[in-house]
Amino acid sequence: QVQLVESGGGLVQAGGSLRLSCAASGRIFSINVMGWYRQAPGKQRELVATMHTGASTNYADSVKGRFTISRENAKNTVTLQMNSLKPEDTAVYYCNLMNLGGAMYWGQGTQVTVSS
């Protein structure tokens, strides 16, 4: 089993910045993908950004150029720096870890609210 603990999030005005962090513990494979998803009210959960242990990244088109994902493999942590935030970024953000083989784990979620 894997546990994911998120921190960060909150309320910010449009154009502002926030930083989300997530620490993983438990049965973590040496090869995995960590990242962030979000779910806005009435919408499906969607990918925001992910990063492989080998450092390859994947971003949603809507956040490219504004969000940056990073990770420290030795500490099993992942961070999402969010700049130039927009009201449409408002959502619950979930940390995710997928071990090699496909087992996926989720954090409890953290609220990000961007006011216009």
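Look up a bit, the structure's there.
What you see is a predicted model, and the numbers here were worked out from it, not measured in a lab.

Draft legend 1. Structural detail: the pairing of strand S4 (residues 32-39). The buried count for S4 comes to 7 of 8 residues, which makes it a mostly enclosed element. Taken together, the 8 bridges between S4 and strand S9 (residues 91-99) define a ladder with antiparallel strand orientation. Residue pairing across strands places Asn32 opposite Asn99, the latter belonging to S9. For S4 and strand S5 (residues 46-52), the ladder comprises 6 bridges, and the chain directions are antiparallel. Note on S5: the bridge partner recorded for Gly35 is Thr50.

Draft legend 2. Region of the structure containing the pattern of salt bridges. One pass over the structure, following the stated rule, counts 5 salt bridges. Of the charged contacts, one joins Asp89 and Arg38 as a salt bridge, the two residues approaching to 3.0 Å between their closest N and O atoms. Placement of the pair is Asp89 in the loop between strand S8 (77-82) and S9 and Arg38 in strand S4, with a sequence separation of 51 residues. Take Arg38: its relative accessible area is 6%, and that puts it in the buried class. By relative accessible area, which is 1% here, Asp89 ends up buried. Members of the salt-bridge network, linked through shared partners, are Arg38, Glu46, Arg66 and Asp89.

Draft legend 3. A look at the state of the cysteines. Applying the stated criterion to the full structure yields 1 disulfide. Note that Cys22 is cross-linked by a disulfide to Cys95, the S-S spacing being 2.0 Å. Its torsion about the S-S bond being -85°, the disulfide of Cys22 and Cys95 is classed as left-handed. Separated by 73 residues along the polypeptide, Cys22 in strand S3 (residues 18-26) and Cys95 in strand S9 bring together distant segments of the chain.

Draft legend 4. Layout of a nonpolar patch on the surface. A cluster of nonpolar side chains, Phe29, Ile31 and Leu100, forms an exposed patch at the surface whose accessible area comes to about 260 Å². Tracing the backbone through its elements, the reader meets Ile31 in the loop between S3 and S4. Assessed through its relative accessible area of 38%, Ile31 is described here as partly exposed.

Draft legend 5. A look at unusual backbone geometry. Its identity is not glycine, yet Ala55 carries a phi of approximately 90°, on the positive side. With respect to the helices and strands, the residue Ala55 is situated in the loop between S5 and strand S6 (57-59). By relative accessible area, Ala55 is classed as partly exposed at 45%. With a phi angle near 50°, Ser84 is a residue other than glycine that sits in the positive phi range. Looking at where Ser84 falls in the secondary structure, it is placed in the loop between S8 and S9.

Conventions adopted
- Residues numbered from 1 in each chain as written.
- Predicted model: local features only at pLDDT ≥ 70, side-chain atom pairs only at ≥ 80, totals over all residues.
- Heavy atoms only, no water.
- Buried < 20%, exposed > 50% of the residue type's maximum accessible area, 1.4 Å probe, protein only.
- Helix = DSSP H or I, 4+ residues; strand = E, 2+ residues; numbered from the N terminus.
- Pairing = 2+ DSSP bridges.
- Salt bridge = Lys/Arg side-chain N within 4 Å of Asp/Glu carboxyl O.
- Disulfide = S-S within 2.5 Å.
- Patch = residues over 30% accessible without salt bridge, like charges linked within 9 Å, V, L, I, M, F, W, Y side chains within 5 Å.
- Areas by Shrake-Rupley, 256 points an atom, 1.4 Å probe, with all protein chains shown as cover.

Distances and angles like these do not, on their own, reveal function.
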